[in-house]
Amino acid sequence: IIGWPVAHSRSPAFHNARFAERGLDAVYTPMPIAPGWEPFAATVSSMLEHPRLDFRGASVTIPHKENLLRFVTETGGEVEPLAAALGAANTVVVREGGRLACLNTDAPAAVECLARALGRDPAEALSLRGVRVAVVGVGGAGRAVAGGAAFAGADVVLFNREHAKAEQVAKELGEAVKAAGATGRILAGKNDALGCGCFEAMVNCTPLGMTGGPGPDENAFESIAGGEVAFPEGTVVFDTVYAPEWTPLLKEARDRHARCVTGLAMFEAQAERQALAWGAG
């Protein structure tokens, strides 16, 4: 797994157990790569060129999901249409002959988790039709959740500490997913509107609350909104952070009788899809 930080990741335990179950001669290991395009491109190029490593693929997490898409595009690899529309990928596969392919397993996993929490059938193409979803954070995870929800028919409102960035991503991503056939919309919201009580589902896609992250003790919603965020009882509150499983945000949401979705649920759903991509499903 490539990212920064990665020491908290449960991916090695999940995938190494899967490799052992399938009798595959493979190992999955944490690979911390400092933020930025240059460190990412240099490290991945070195792994691909190593004569004995036999690098066959990787998971890619914060902050490199957009770097992965760029790397595969610039090296002439295959980009899954969903990942291209989202502007972010979290899985790379090295095909026979060394050609790269990348895909996004976060988006379908997030939609599955949201649909189940809302009592809807995740197998339906428009499982989130008409649902109003708040997404906090506009990095790779935020793009995946927002875009995936829009493809499933939801109306998505993006929030970010820098509102101008939310507006920019909402415009670019909204146009991209619409061109790719999405029926839902993606808009940007002013941060103080996060507590309007008008969302059926609210999703944290920032690293706030994550062990080893920039704000491990912070409630992501309140940090972004700059004050208390209320939500009606029964609202789905979903945190993509899974270390710890019960983040400060989810603990508070649980106390307020929200329907909580932990990042562990999304992690397992997307990891299953990654295993299939690597032939370990």
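Structure's up top.
Let me begin by describing the structure that accompanies this report. Please read all numbers here as calculations on a predicted model, not as lab measurements.

We now examine the sheet that holds strand 6 (residues 100-103). Across the sheet, four strands lie side by side as 3-5-6-4; this open sheet has mixed pairing. Looking at strand neighbours, the two that pair on one side only are strand 3 (57-59) and strand 4 (78-79), the edges of this open sheet. Bridge count for strand 4 against strand 6 is two bridges, and the pairing is parallel. Residue pairing in the sheet places Glu-78 in a bridge with Ala-101 of strand 6.

Scanning the entire structure with this criterion turns up one disulfide. The disulfide bridge from Cys-196 ends at Cys-198, spanning 2.0 Å between sulfur atoms. Residues Cys-196 and Cys-198 share a disulfide whose torsion about the S-S bond is about -70°; that sign makes it left-handed. For Cys-196, a relative accessible area of 39% corresponds to the partly exposed category. Between Cys-113, a cysteine without a disulfide, and Cys-205, which holds the nearest cysteine sulfur, the sulfur-to-sulfur distance is 12 Å. In this structure Cys-260 is not part of a disulfide, and its nearest cysteine sulfur, from Cys-113, lies 13 Å away. Note on Cys-260: relative accessible area 25%, which makes it partly exposed.

Moving on to the packing of helix 5 (residues 106-117) against helix 6 (residues 140-151). Direction vectors running N to C along helix 5 and helix 6 enclose 65°, while the axes themselves pass 8 Å from each other. You can see that helix 5 and helix 6 cross each other, and the crossing is right-handed. Between helix 5 and helix 6, the contacting residues are Asp-106, Ala-107, Ala-110 and Val-111 on the first element and Ala-144, Val-145, Gly-148 and Ala-149 on the second.

Moving on, we come to empty space enclosed by the protein. On inspection of all chains with the given rule, the structure shows two cavities of 30 Å³ or more. When its volume is computed, the largest cavity comes out at roughly 400 Å³. Along the walls of the largest cavity sit 26 residues, with Thr-61, Lys-65, Asp-106, Thr-240 and Tyr-242 positioned nearest its centre. Sorting elements by how many residues they give to the lining of the largest cavity places helix 10 (residues 263-277) first, with five residues. Considered class by class, the residues forming the lining of the largest cavity number 13 nonpolar, eleven polar and two charged. In this structure, the second largest cavity encloses a volume near 30 Å³.

Here we come to helix 9 (residues 248-255). Of the positions making up helix 9, those classed as buried are Leu-249, Leu-250 and Ala-253. Around the axis of helix 9, the buried residues are gathered within 90° of arc, so they sit on the same side. Looking at the buried positions of helix 9, the neighbouring elements they touch are strand 10 (201-204), helix 8 (220-225), strand 11 (236-239) and strand 12 (259-261). Count one or two residues on from helix 9 and you reach His-257, which has phi positive near 65°.

Let us look at the nonpolar core. When a protein is soluble and globular, its nonpolar side chains tend to lie buried together. Core analysis: the biggest nonpolar cluster contains 40 residues, and Leu-128, Val-135, Val-156, Leu-158, Ile-186 and Phe-238 have the highest contact counts within it. Broken down by secondary-structure element, the contributors of at least two residues to this core are helix 5, strand 7 (132-136), helix 6, strand 8 (155-159), helix 7 (163-179), strand 10, strand 11 and helix 10. The leading source of residues in this core is helix 5, at eight residues. Ignoring sequence-local partners within four residues, the contact set of Leu-158 consists of Val-135, Gly-137, Val-138, Ala-146, Ala-166, Val-169, Ala-170, Ile-186, Leu-187, Ala-188 and Gly-189.

Within the secondary structure, Asn-160 is located in the loop between strand 8 and helix 7. Relative accessible area serves as the criterion here: at 14%, Asn-160 is assigned to the buried category. Not counting residues within four places of it along the chain, the set of residues in contact with Asn-160 comprises Gly-137, Val-138, Lys-165, Ala-166, Asn-191 and Ile-224.

Turning our attention to the layout of surface pockets. A volume near 730 Å³ is recorded for the largest pocket. Those elements that provide at least two residues to the lining of the largest pocket are strand 3 and strand 5 (91-94). If you tally residues by element for the lining of the largest pocket, the top one is strand 3, at three residues. Partitioning the lining of the largest pocket into residue classes produces 16 nonpolar, three polar and three charged.

Analysis parameters
- Here the residue numbering is sequential within each chain, running from 1 through the sequence in written order.
- With pLDDT at 70 or above as the cut-off, local features in this predicted model cover only qualifying residues; side-chain atom pairs require 80 or more to be listed or tallied, and sums for whole chains, interfaces and linings still use all residues.
- The basis for the side-chain values is all heavy atoms of the structure; hydrogens and waters are excluded.
- Two strands make a pair as long as DSSP finds a minimum of two bridges between them.
- Secondary structure counts use DSSP, requiring at least four H or I residues in a row for a helix and at least two E residues in a row for a strand, with both numbered from the N terminus.
- The disulfide criterion used throughout: a pair of cysteine sulfur atoms within 2.5 Å.
- The cut-offs for exposure are 20% and 50% of the maximum accessible area for each residue type, with area from a 1.4 Å probe on protein chains only; residues under the lower value are buried, those over the upper are exposed, and the others partly exposed.
- Between N-to-C directions, angles cover 0 to 180 degrees, with each direction set by a line fitted to C-alpha atoms, over the stretch in contact for helices.
- When the near helix sits turned anticlockwise from the far one by under a right angle, the crossing is termed left-handed; a clockwise turn instead gives a right-handed crossing.
- Every residue pair with non-hydrogen atoms within 4.5 Å of one another is taken to be in contact.
- The rule is simple: put a 1 Å grid over the protein atoms alone, call a set of points where a 1.4 Å probe fits but cannot get out a cavity, call an open set with protein on both sides within 12 Å along at least five of seven lines a pocket, and count a residue as lining if it has an atom within 4 Å of a point.
- Grid points are joined across faces, edges and corners, and a volume is the space filled by probe spheres set on the points.
- Following the grouping adopted for this structure description, the nonpolar residues are Ala, Val, Leu, Ile, Met, Phe, Trp, Tyr, Cys and Pro, the charged ones are Asp, Glu, Lys and Arg, and the polar ones are all others, Gly among them.
- Directions are taken from the helix axis to each C-beta atom, and the arc is the one they span.
- In this text, buried Ala, Val, Leu, Ile, Met, Phe, Trp, Tyr and Cys residues form a nonpolar core when linked through side-chain atoms within 4.5 Å.

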